[in-house]
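Chain and residue survey
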Number of protein chains: 2
Amino acid sequence: MADEVILLDFWPSMFGMRTRIALEEKNIKFDYREQDLFNKSSILLEMNPVHKKIPVLIHNGKPVCESLIQIEYIDETWPTKNPLLPSDPYQRAQARFWGDFIDKKVYSATRLIWGAKGEEQEEGKKEFIELLKTLESELGDKIYFGGETFGYVDIALIGFYSWFEAYEKLGNFSIEPECPKLSAWAKRCAQRESVAKFLPASDKVTKFVPELRKKIGLE
Amino acid sequence: MADEVILLDFWPSMFGMRTRIALEEKNIKFDYREQDLFNKSSILLEMNPVHKKIPVLIHNGKPVCESLIQIEYIDETWPTKNPLLPSDPYQRAQARFWGDFIDKKVYSATRLIWGAKGEEQEEGKKEFIELLKTLESELGDKIYFGGETFGYVDIALIGFYSWFEAYEKLGNFSIEPECPKLSAWAKRCAQRESVAKFLPASDKVTKFVPELRKKIGLE
């Protein structure tokens, strides 16, 4: 029996982008189901009753929640093509550390850039730049975060790239002069087929952000 | 060459307890180094420059940070004795989901019980009980979270048990009548050798909490 793979997702979500890219890296076809986060569907509530959040990966009827966990699940379920995590336990721990860092630190800083105003927004911007510099220093002169191969940390971070223009516009700053190596890395990733296929265009995200700010009562 | 394993830790940390228990489950001897979190050591700052937090597991000179990542690292490095994660990818994803839930939700609720006052503390208490009920429902009638075998989710959660008495005293409530199955699970885990050896006594934690509240300016 062929695998039935469904993804409950929302197009500007950098978390959803991870799962789309990971599935594409494994050449897994999936049924993409766009969700309205302001009017949650019964399938979303049923499949992720704890967090009620996208993305939800549904594989043969069974849900997997949380995007980093989905990447590992995808890697373990379809291990042959394009391994996403390194095989060495120490390298795996390092990859997980940076994935966790992106979720714990980077997301909350960007949340302040698009979801706050004034001083709070300014603080988010400053922190975001510091965090990107930490990531730039971890990347160093490597092609990808894991070295020669596109993988877990690249997938965890690249979705934010589609929001860079929106952050820059809202915060009135430029990322590339601050983090030239990270910017080059992002452009390199963006040329990869899986990323090109599933990362939305920057201008589409930039147009969407004021709508989002209106919806949450900021503008 | 024998493995050199060092753990930078702080005795009341439920995160540190995870790593101690996981190492003991694998029968790995380690050099425990108690840290002063109000006066951080140079080894802590050097080994975890990003978060500057305990626990840090140092294996043959190389640091692994973040306790859930440490459990996976320990399981992958010493896979033979007492596997901590299930082998099935879906079960692994479920275990990771609950570990992540404990870190994202349970810890922040307990943080309000011991690290806040008045209404905020009350809210933390209510949320904590709801979260424990969600965990109790996930546990159901199983012996451990993974079924018959003590593992990842049990290790992720059991450290909080040593704080139960402190939470109850601060919040003036009782956990056992709210969550009888979870309480029975905790008692079952506490009898296990690895847990008995590394979980501090409840009354020691209960005595420590007012000191902690004083240190952070709450009392």
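Residues numbered from 1 in each chain as written. Chains lettered and ligands numbered in written order. Predicted model: local features only at pLDDT ≥ 70, side-chain atom pairs only at ≥ 80, totals over all residues. Heavy atoms only, no water.

1. Here we look at the interface of chain A and chain B
- If you look at the interface, chain A gives 25 residues, while chain B gives 25 residues.
- In this assembly, chain A packs against chain B so that about 2300 Å² is buried in total across both faces, 65% of it on carbon and sulfur atoms.
- Considering only the side of chain A, the residues that lose the most area to chain B are I69, Y90 and F97 of chain A, jointly responsible for 26% of the buried surface there.
- Taken together, the links from chain A to chain B amount to 8 salt bridges.
- Across the pair R96 of chain B and E76 of chain A runs a salt bridge, and its minimum N-O distance is 3.1 Å.
- Our count for the contact surface shared by chain A and chain B stands at 10 residue pairs in polar contact (both at pLDDT 80 or more).
- Listing elements by their share of the side of chain A that touches chain B, those giving two or more residues are strand 4 (62-65), helix 3 (67-77) and helix 4 (89-115) of chain A.
- Sorting elements by how many residues they give to the side of chain A that touches chain B places helix 4 of chain A first, with 12 residues.
- The residue inventory of the side of chain A that touches chain B, partitioned by class, reads 12 nonpolar, 4 polar and 9 charged. (Contact = heavy atoms within 4.5 Å. Buried area = accessible area lost by both parts, 1.4 Å probe. Salt bridge = Lys/Arg side-chain N within 4 Å of Asp/Glu carboxyl O. Polar contact = N/O pair within 3.5 Å; in protein donor to acceptor, adjacent residues only side chain to side chain. Helix = DSSP H or I, 4+ residues; strand = E, 2+ residues; numbered from the N terminus. Nonpolar A, V, L, I, M, F, W, Y, C, P; charged D, E, K, R; others polar.)

2. What to know about the sheet that holds strand 2 (residues 31-34) of chain A
Residues and elements named next belong to chain A.
- Read across the sheet, 4 strands follow the order 2-1-3-4 without closing on themselves; strand pairing throughout is mixed. With one partner strand each, in any of the chains shown, strand 2 and strand 4 form the two edges of the open sheet. For this sheet the average axis-to-axis angle between neighbouring strands, irrespective of direction, equals 20 degrees.
- Of the pairings in the sheet, the one linking strand 3 (residues 56-59) to strand 4 comprises 4 bridges and is antiparallel in character. The partner of I58 across the bridge, within strand 4, is P63.
- The sheet strands contacting helix 1 (residues 14-25) are strand 1 (5-9), strand 2 and strand 3, and the helix crosses strand 1 at an angle near 155 degrees. (Pairing = 2+ DSSP bridges. Axes fitted to C-alpha atoms, helices over the stretch in contact; angles between N-to-C directions.)

3. Some details on the domain arrangement of chain A
Residues and elements named next belong to chain A.
- Split by domain assignment, chain A resolves into domain 1 (5-77) and domain 2 (89-215).
- Taking the mean C-alpha position of each, domain 1 and domain 2 sit 20 Å from one another.
- Counting residues at the interface gives 18 residues for domain 1, matched by 30 residues for domain 2.
- Summed over both sides, the interface of domain 1 with domain 2 buries roughly 2200 Å², with 70% coming from carbon and sulfur.
- It is W11, M14 and I21 that lose the most area in domain 1 upon contact with domain 2, and together they represent 29% of the buried surface on that side.
- Here R18 and D103 are joined by a salt bridge, their closest N and O atoms 2.8 Å apart. (Domains from an automatic or database assignment.)

4. Section: a positive patch on the surface
- A cluster of basic residues, K40, K52 and K53 of chain A together with K105 of chain B, forms a positive patch at the surface.
- The residue K105 of chain B is located in helix 4 (residues 89-115) in this model.
- Of the residues examined, K105 of chain B reaches a relative accessible area of 30% and is grouped as partly exposed. (Patch = residues over 30% accessible without salt bridge, like charges linked within 9 Å, V, L, I, M, F, W, Y side chains within 5 Å. Areas by Shrake-Rupley, 256 points an atom, 1.4 Å probe, with all protein chains shown as cover. Lys, Arg positive; Asp, Glu negative; His and termini not counted. Charge placed at Lys NZ, Arg CZ, Asp CG, Glu CD. Buried < 20%, exposed > 50% of the residue type's maximum accessible area, 1.4 Å probe, protein only.)

5. A look at the UniProt feature "domain: GST N-terminal" (unreviewed entry) in chain A
- Within the UniProt annotation, "domain: GST N-terminal" (unreviewed entry) is assigned to residues 3-82 of chain A.
- Within residues 3-82 of chain A, the helical portion is 36% and the strand portion 21%, while the C-alpha atoms at the span's ends are 19 Å from each other. (UniProt positions renumbered as here; feature names shortened; annotations may be inferred.)

6. Thoughts on the pairing of strand 3 of chain A
Residue and element names in this part refer to chain A.
- Of the two faces of strand 3, the one holding V56 and I58 and the one holding L57 and H59 are both buried throughout.
- In this sheet, strand 3 lies alongside strand 1 in antiparallel orientation, the contact comprising 4 bridges. Across the sheet, I6 pairs through a bridge with I58, a residue of strand 3.
- The antiparallel hairpin formed by strand 3 and strand 4 contains 2 residues in its connecting segment, where N60 sits at a positive phi of about 45 degrees.

7. Side note on the relation of the copies chain A and chain B
- Least-squares fitting of chain A to chain B yields an RMSD of 0.0 Å, with the transformation described by 0.0 Å of translation along the axis and a rotation of 180 degrees. The relationship between the two copies is best expressed as a two-fold rotation axis. Scanning chain A for the C-alpha nearest the rotation axis identifies K104 of chain A, at a separation of 4.7 Å.
- Both copies share a contact surface, since 100% of the interface residues of chain A are interface residues in chain B too. (Least-squares fit on C-alpha atoms with pLDDT ≥ 70 in both.)

8. Things to note about the packing of helix 3 of chain A against helix 6 (residues 152-161) of chain A
All names here are of chain A.
- It is at 11 Å that the axes of helix 3 and helix 6 come closest, and there the two elements cross at 145 degrees. Crossing of helix 3 against helix 6: the hand is right-handed. From helix 3, L68, I71 and E72 reach across to helix 6, where they touch Y152, I155 and A156.
- Of the residues in the contact of helix 3 with helix 6, the class split is 5 nonpolar, no polar and 1 charged. (Left-handed = near helix turned anticlockwise from the far one by under 90°.)

9. Description of the pattern of salt bridges
- For the structure shown, the criterion picks out 34 salt bridges over all chains.
- Close ionic contact of R192 of chain B with E25 of chain B constitutes a salt bridge, the shortest N to O distance being 2.8 Å. Of the two residues, R192 of chain B is situated in the loop between helix 9 (180-190) and helix 10 (193-198) and E25 of chain B in helix 1 (residues 14-25); the sequence distance between them amounts to 167 residues.
- With relative accessibility at 25%, the residue R192 of chain B sits in the partly exposed group.
- For E25 of chain B, a relative accessible area of 4% gives the class buried.
- Put simply, E72, E76, R92 and R96 of chain A together with E72, E76, R92 and R96 of chain B are held in one network by salt bridges that share partners.

10. Examining the packing of aromatic side chains
- Here the structure, examined in full by the defined rule, presents 32 aromatic pairs over all chains.
- Ring geometry for F164 of chain A versus Y167 of chain A: centroids 6.5 Å apart, planes at 45 degrees, classification tilted. In this pair, F164 of chain A and Y167 of chain A are both assigned in helix 7 (residues 164-171), 3 residues apart and thus about one turn of the helix distant.
- Judged by its relative accessible area of 10%, F164 of chain A falls in the buried class.
- A ring pair is formed by Y144 of chain B and F150 of chain B, whose centres lie 5.6 Å apart and whose planes are at 80 degrees; its orientation type is edge-to-face. In terms of burial, Y144 of chain B and F150 of chain B fall into one category: buried.
- Taken together through their ring pairs, the aromatic side chains of F10, W11, W114, F128, Y161, W163, F164, Y167 and F208 of chain A make up a single cluster.
- Against the face of Y90 of chain A rests K62 of chain B, its NZ or CZ located 4.3 Å from the ring centre. (Phe/Tyr/Trp six-rings, centres within 6.5 Å; stacked < 30°, edge-to-face > 60°. Lys NZ or Arg CZ within 6 Å of the ring centre and 35° of its normal.)

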